[in-house]
Amino acid sequence: MPMVIGVMAGLALAAIIVLIGLFKLMWRVAEPNEALVISGSKHKTEGLGQGMGFRIVTGHGTLVLPGVQAVRKMSLDLNETELSVDCVTHQGIPLRVRGVVIFKVGDDFVSIANAARRFLDQQKMMAERVHNVFAGHLRSIVGGLTVEDMIRDREKLTGQTRSACGSEMEKLGLIVDSLQIHEIEDPTGYIKNLAMPHAAAVQRDARIAQAEANRRATEAEQQAAARMSEATRDSEILQAGYQAERDKAAAKSRQAGPLADAAARQEVVVQETRVAELEAQRREQQLQVDVRKPADAQAYEKRTLAEGERDARISAAEAHAKETELAAIAEANRVKTAAIAEAEATKARGAAAASATRATGEAEAAAAQAKGLALAESTRAKGLAEAEAIKARAAALAENQEAVVAQQLAEKWPEIVEAGAGAFSSVDHMVLLNGADGMSEMFAKALTMGGTGLGLARQLLSTMSQGDGRSNGGTEAAPPVNGVAPAVPPTPRKEHIPVTGGQEGGTPS
């Protein structure tokens with residue numbers, strides 16, 4: 001009996017252990033940051049309608065039939081994705097917007113169901129999907145804004161982006177806990193250029209304020225130093241007066257002493273007073289030295305430096321002028337030396353040319369003398385020959401005068417005709433009357449001129465044949481030159497041929 005009871009107790013204990021194991025195997029509990037998605041049988045979940053095909057459990061436990069139902073977990077933790085989006089504003093300026101999106105699966109069953117359908121097995125890809133959604137909408141929104149709008153009102157950009165992405169995130173079963181725009185990068189420097197005028201204005205105002213503060217502080221320090229010196233001077237003067245009064249009282253107290261001592265002490269007091277006044281004046285002069293003199297010294301220093309720079313420039317200019325003058329003098333000396341050398345060379349060349357010219361003249365004179373002697377001999381020989389010829393012609397004339405005259409006329413006939421035609425050389429136009437008869441008459445007159453020449457030649461020959469014995473009416477022959485009688489040329493006779501007007505139709509010549 002006790003054995004049966006023990007066996008029954010063991011069986012009961014085993015059954016309890018098996019039941020506990022089965023319960024643990026079938027019981028699933030959802031953590032606070034997750035949702036259990038149970039599939040494998042039709043379930044009706046509140047708010048999701050009929051025939052969803054799976055059950056969602058959050059915040060509590062549920063029984064799951066192993067082998068019949070499948071249980072998977074959907075994380076409800078926060079997720080974040082970094083945004084780095086290249087955008088172009090309404091002005092066409094490229095920007096890069098950096099930010100962060102913090103999101104999670106919605107706590108309601110509809111959001112969990114939508115997220116489960118899309119991300120249950122791809123929860124690690126959730127951040128990339130969200131980044132793509134926000135990048136697209138962010139580019140679209142930035143394209144309608146200016147850079148100034150984005151800088152001055154980032155909240156507007158954030159609100160528009162969340163509003164634009166809200167419906168899509170809801171379809172994905174996600175909600176956005178936070179969207180922050182951290183930085184707007186400007187690779188073109190547009191934002192920096194926008195800030196430069198304001199930064200320059202701030203720097204200008206800061207410098208002006210600092211300069212004004214320094215000026216006021218300097219004025220206050222100078223005024224304080226002046227008041228301090230004035231107070232010191234007044235104090236010393238008062239002290240000197242009090243000292244004089246004390247000395248005077250002491251002198252009065254010592255009136256019983258000799259009068260000379262009193263006078264001496266009075267003189268001492270006067271001198272000490274004078275010393276005090278001098279000390280006060282010294283203090284005043286010290287004030288002038290400490291306050292005014294430094295300013296005068298600074299002004300004097302600047303004026304002295306300016307005068308030194310001016311003197312240096314003047315000295316440099318004078319040195320340059322002196323250098324230019326010396327260079328000009330050197331150039332003049334060089335030109336003068338070259339001119340003297342050229343003059344000496346010209347003089348030497350002139351002397352050489354004169355010597356050459358003299359030698360050439362002497363040679364030419366000798367040549368001319370020789371040439372003259374030769375010409376004289378030639379002329380003498382020619383004269384002798386002509387004399388023989390004249391002698392022969394005279395003998396011929398004595399024998400046959402007509403034949404010689406005819407020969408001479410034949411030899412000189414072209415010259416005779418040319419001399420006769422010279423009367424017509426100045427006539428531009430000539431009108432001959434009577435046609436051919438006028439022409440014949442013209443030729444007859446020319447022949448008559450030739451005949452006249454023949455008569456003159458005969459008369460000349462007859463005159464020459466009479467000899468030198470005639471005393472009157474003869475022609476005296478010229479004395480012979482080198483033994484040769486000069487030839488006497490016949491004097492041509494000019495006849496004027498009148499040209500008269502007459503009938504028209506004459507032949508022009």
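Residues numbered from 1 in each chain as written. Predicted model: local features only at pLDDT ≥ 70, side-chain atom pairs only at ≥ 80, totals over all residues. Heavy atoms only, no water.

Student: If you had to explain the overall build of the protein to someone new, which residues and values would you point to?
Tutor: Of the regular secondary structure elements, the protein holds nine helices and 10 strands. Looking at the 509 residues of the protein, the share that counts as buried comes to 19%. Within the protein, residue pairs in contact and separated by at least 24 positions form 72% of the contacts whose partners lie at least 6 positions apart. (Helix = DSSP H or I, 4+ residues; strand = E, 2+ residues; numbered from the N terminus. Buried < 20%, exposed > 50% of the residue type's maximum accessible area, 1.4 Å probe, protein only. Contact = heavy atoms within 4.5 Å.)

Student: Describe in detail the nonpolar core, supporting the description with residues and values.
Tutor: Soluble, globular proteins show a tendency: their nonpolar side chains are buried together. If you look at the biggest cluster of nonpolar residues, it comprises 41 residues, and the most contacted ones within it are Met 74, Phe 134 and Leu 174. Looking at this core element by element, the count peaks at eight residues for helix α3 (residues 126–142). For Leu 174, the contacting residues outside a window of four places in its chain are Phe 103, Lys 104, Val 105, Gly 106, Phe 119, Met 126, Val 130 and Met 169. Listed in part, the five residues of the second largest apolar core include Ala 30, Ile 38, Val 57 and Val 64. (Core = buried A, V, L, I, M, F, W, Y, C linked by side-chain atoms within 4.5 Å.)

Student: I'd like a description of the sheet that holds strand β7 (residues 94–105), backed by residues and values.
Tutor: Overall, antiparallel pairing links the three strands, which are arranged β6-β7-β8 in an open sheet. Edge positions in the open sheet fall to β6 (79–88) and β8 (174–185), since each of these has one partner strand only. In this sheet, neighbouring strand axes are inclined to one another by 25° on average, regardless of whether the strands run parallel or antiparallel. Here 10 bridges tie β7 to β8, and the two strands are oriented antiparallel to one another. Residue Val 100 lies in a different strand from β8, and its bridge partner there is Gln 180. (Pairing = 2+ DSSP bridges. Axes fitted to C-alpha atoms, helices over the stretch in contact; angles between N-to-C directions.)

Student: Let's hear about the pattern of salt bridges: which residues, and what values?
Tutor: Taken as a whole and assessed by the stated rule, the structure comprises 16 salt bridges. Taking the shortest distance from any N to any O, the salt bridge between Glu 219 and Arg 215 comes out at 2.7 Å. One end of the pair, Glu 219, and the other, Arg 215, are both in helix α6 (residues 190–253), four residues apart, so they sit about a helical turn from each other. Judged by its relative accessible area of 39%, Arg 215 falls in the partly exposed class. In this structure, a network of salt bridges that share partners links the residues Glu 212, Arg 215, Arg 216 and Glu 219. (Salt bridge = Lys/Arg side-chain N within 4 Å of Asp/Glu carboxyl O.)

Student: Please give an account of the side chain of Thr 146 that cites residues and values.
Tutor: The residue Thr 146 is located in the loop between α3 and α4 (147–152) in this model. Polar side-chain contacts of Thr 146 include one of 2.9 Å to the side chain of Asp 149. (Polar contact = N/O pair within 3.5 Å; in protein donor to acceptor, adjacent residues only side chain to side chain.)

Student: Describe the environment of Lys 104, listing the residues and the values that go with them.
Tutor: Structurally, Lys 104 can be placed in strand β7. Residues Lys 104 and Met 169, spaced 65 residues apart in sequence, show a C-alpha to C-alpha distance of 10.0 Å. Those residues in contact with Lys 104, other than ones at most four positions away along the chain, are Leu 76, Asp 77, Leu 78, Gly 173, Leu 174, Ile 175 and Asp 177. Here the side chain of Lys 104 touches Asp 107 through a polar contact of 2.8 Å, side chain to side chain.

Student: Describe the sheet that holds strand β3 (residues 54–57), and please don't skip the residues or the numbers.
Tutor: Strand order in this open sheet of three strands is β3-β2-β5, and the pairing throughout is antiparallel. The open sheet has two edge strands with one neighbour each: β3 and β5 (70–75). Along the sheet, successive strands turn relative to each other by an average axial angle of 25°, direction set aside. When strand β2 (residues 34–39) meets β5, the two strands line up antiparallel, connected through six bridges. Residue Ala 35 lies in a different strand from β5, and its bridge partner there is Met 74.

Student: Describe the pairing of β2, naming the residues involved and giving the relevant values.
Tutor: Among the six residues that make up β2, six are buried, leaving the element largely enclosed by the rest of the structure. Here β2 shows no split at all, with Glu 34, Leu 36 and Ile 38 on one side and Ala 35, Val 37 and Ser 39 on the other all buried. Sheet analysis places β2 next to β3, joined by four bridges and oriented antiparallel. The residue bridging Val 37 from the neighbouring strand is Ile 56, located in β3.

Student: Can you tell me about a nonpolar patch on the surface, naming the residues and giving the values?
Tutor: Residues Met 3, Val 4, Val 7, Met 8 and Leu 11 make up a contiguous nonpolar surface patch of about 540 Å² in total accessible area. When you line up the elements, Met 8 lands in helix α1 (residues 2–26). (Patch = residues over 30% accessible without salt bridge, like charges linked within 9 Å, V, L, I, M, F, W, Y side chains within 5 Å. Areas by Shrake-Rupley, 256 points an atom, 1.4 Å probe, with all protein chains shown as cover.)

Student: I'd like a description of the side chain of Glu 148, backed by residues and values.
Tutor: By secondary structure assignment, the location of Glu 148 is in helix α4. Although Glu 148 is buried, it makes no salt bridge; Arg 152 carries the closest opposite charge, 5.7 Å away. In terms of polar contacts, Glu 148 uses its side chain to reach the side chain of Gln 91, at 3.3 Å. Not counting residues within four places of it along the chain, the set of residues in contact with Glu 148 comprises Gln 91, Tyr 190 and Leu 194. (Lys, Arg positive; Asp, Glu negative; His and termini not counted.)

Student: Before we move on, could you go through the packing of α3 against helix α5 (residues 154–171) and cite the residues and values that matter?
Tutor: Close contact between α3 and α5 brings their axes to 9 Å; oriented N to C, the two are set at 135°. When the axes of α3 and α5 are compared, the pair comes out oblique. The handedness of the crossing between α3 and α5 comes out as right-handed. Packed against α3, whose contacting residues are Val 130, Val 133, Phe 134, His 137, Leu 138, Ile 141 and Val 142, the element α5 presents Leu 157, Gln 160, Thr 161, Ala 164, Cys 165, Glu 168 and Met 169 at the interface. (Parallel < 35°, antiparallel > 145°, perpendicular 65-115°, else oblique. Left-handed = near helix turned anticlockwise from the far one by under 90°.)

Limitation: the analysis is restricted to geometry and does not speak to function.
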